[in-house]
Amino acid sequence: MKQLYIKQKVFSLSGKFTVKDDQERDVYYVEGSFLKIPKTYTIYDNRGSEVALITKKVFSFLPKFFVEVNGQEVLTIKKEFSFFKARYLIDAAGIEVRGNWWDMDFQVFQFGEVIGMVSKKWFTWGDSYEVEIFKDEMEEIMVALVVAIDCVKADERAAASAPGQ
């Protein structure tokens, strides 16, 4: 099992933050595009190689995010039409999220087997998440999934605070 920690910087306009291991060493770097369409978040390993890309689809009726890991699209997060509460669907081959992913407290399954858990750390400055990974080969997908869900949440907050809402 491996534990990683994602802590975003609250006032970072470009969306730069790091993913650390349990020894507080930087393992991944996440960098968001600033004033770029489509909005993207790129995840780099500690050698500077791109391992994942999260892209918000533009010109769609409802928000949709695509997640690529090592050049392959592995999952999509899309908003479903709802009159009351925002609802999202995570579409991925064999990957299922169970629990309250809106509050960042969930388990991730692949073909019915638990591959990781995510929990939000409270009383911290900015959003902080603990990510437990049970299968080493799923590490990059787990990191990309957490960052993508956080992107969806940030997008939803921005839409809710927009004038006229």
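Shown above is the structure to which this text applies.
These remarks concern the structure in this document. (Residues numbered from 1 in each chain as written. Predicted model: local features only at pLDDT ≥ 70, side-chain atom pairs only at ≥ 80, totals over all residues. Heavy atoms only, no water.)

1. Considerations on the nonpolar core
For step 1, the next point in the chain: Counting residues in hydrophobic clusters, the biggest one holds 43 residues, and the most contacted among them are Ile43, Ile54, Ile77, Phe106 and Val147.
For step 2, the next point in the chain: Take this core: its biggest share by element is eleven residues, from helix H1 (residues 139-160).
For step 3, the next point in the chain: Excluding residues that lie within four positions of it along the chain, Ile43 makes contacts with Tyr28, Tyr29, Val30, Ser49, Glu50, Val51, Ala52, Ile54, Val143, Ala144 and Val147. (Core = buried A, V, L, I, M, F, W, Y, C linked by side-chain atoms within 4.5 Å. Buried < 20%, exposed > 50% of the residue type's maximum accessible area, 1.4 Å probe, protein only. Helix = DSSP H or I, 4+ residues; strand = E, 2+ residues; numbered from the N terminus. Contact = heavy atoms within 4.5 Å.)

2. Notes on the pattern of salt bridges
For step 1, the next point in the chain: Across all of its chains, the model carries seven salt bridges by this definition.
For step 2, the next point in the chain: One salt bridge in this structure joins Arg25 and Asp21, with 2.9 Å as the shortest N-O distance.
For step 3, the next point in the chain: Across the pair Glu113 and Lys135 runs a salt bridge whose closest N-O atoms are separated by 3.8 Å. Of the two residues, Glu113 is situated in strand S11 (residues 113-121) and Lys135 in the loop between strand S12 (128-133) and H1; the sequence distance between them amounts to 22 residues.
For step 4, the next point in the chain: With a relative accessible area of 22%, Lys135 lands in the partly exposed category.
For step 5, the next point in the chain: Each of Glu113, Lys135 and Glu137 takes part in a single network of salt bridges with overlapping partners. (Salt bridge = Lys/Arg side-chain N within 4 Å of Asp/Glu carboxyl O.)

3. Examining the pairing of S12
For step 1, the next point in the chain: Taken across its six residues, S12 has six buried, putting it largely inside the fold.
For step 2, the next point in the chain: Judged by which residues are buried, S12 turns out to be covered on both faces: Ser128, Glu130 and Glu132 on one side and Tyr129, Val131 and Ile133 on the other are all buried.

4. Overview of the environment of Val74
For step 1, the next point in the chain: Position of Val74 among the secondary structure elements: in strand S7 (residues 72-80).
For step 2, the next point in the chain: For the pair Val74 and Leu145, spaced 71 residues apart in sequence, the C-alpha separation works out to 9.5 Å.
For step 3, the next point in the chain: The contacts of Val74, once residues within four sequence positions are left out, are Val67, Glu68, Val69, Asp91, Ala92, Ala93 and Ile141.

5. Some details on the side chain of Thr76
For step 1, the next point in the chain: Turning to its location among the elements, Thr76 is positioned in strand S7.
For step 2, the next point in the chain: Taking relative accessible area as the criterion, Thr76 reaches 8% and is therefore assigned buried.
For step 3, the next point in the chain: Only 3.3 Å separates the side chain of Thr76 from the side chain of Glu73, close enough to count as a polar contact. (Polar contact = N/O pair within 3.5 Å; in protein donor to acceptor, adjacent residues only side chain to side chain.)

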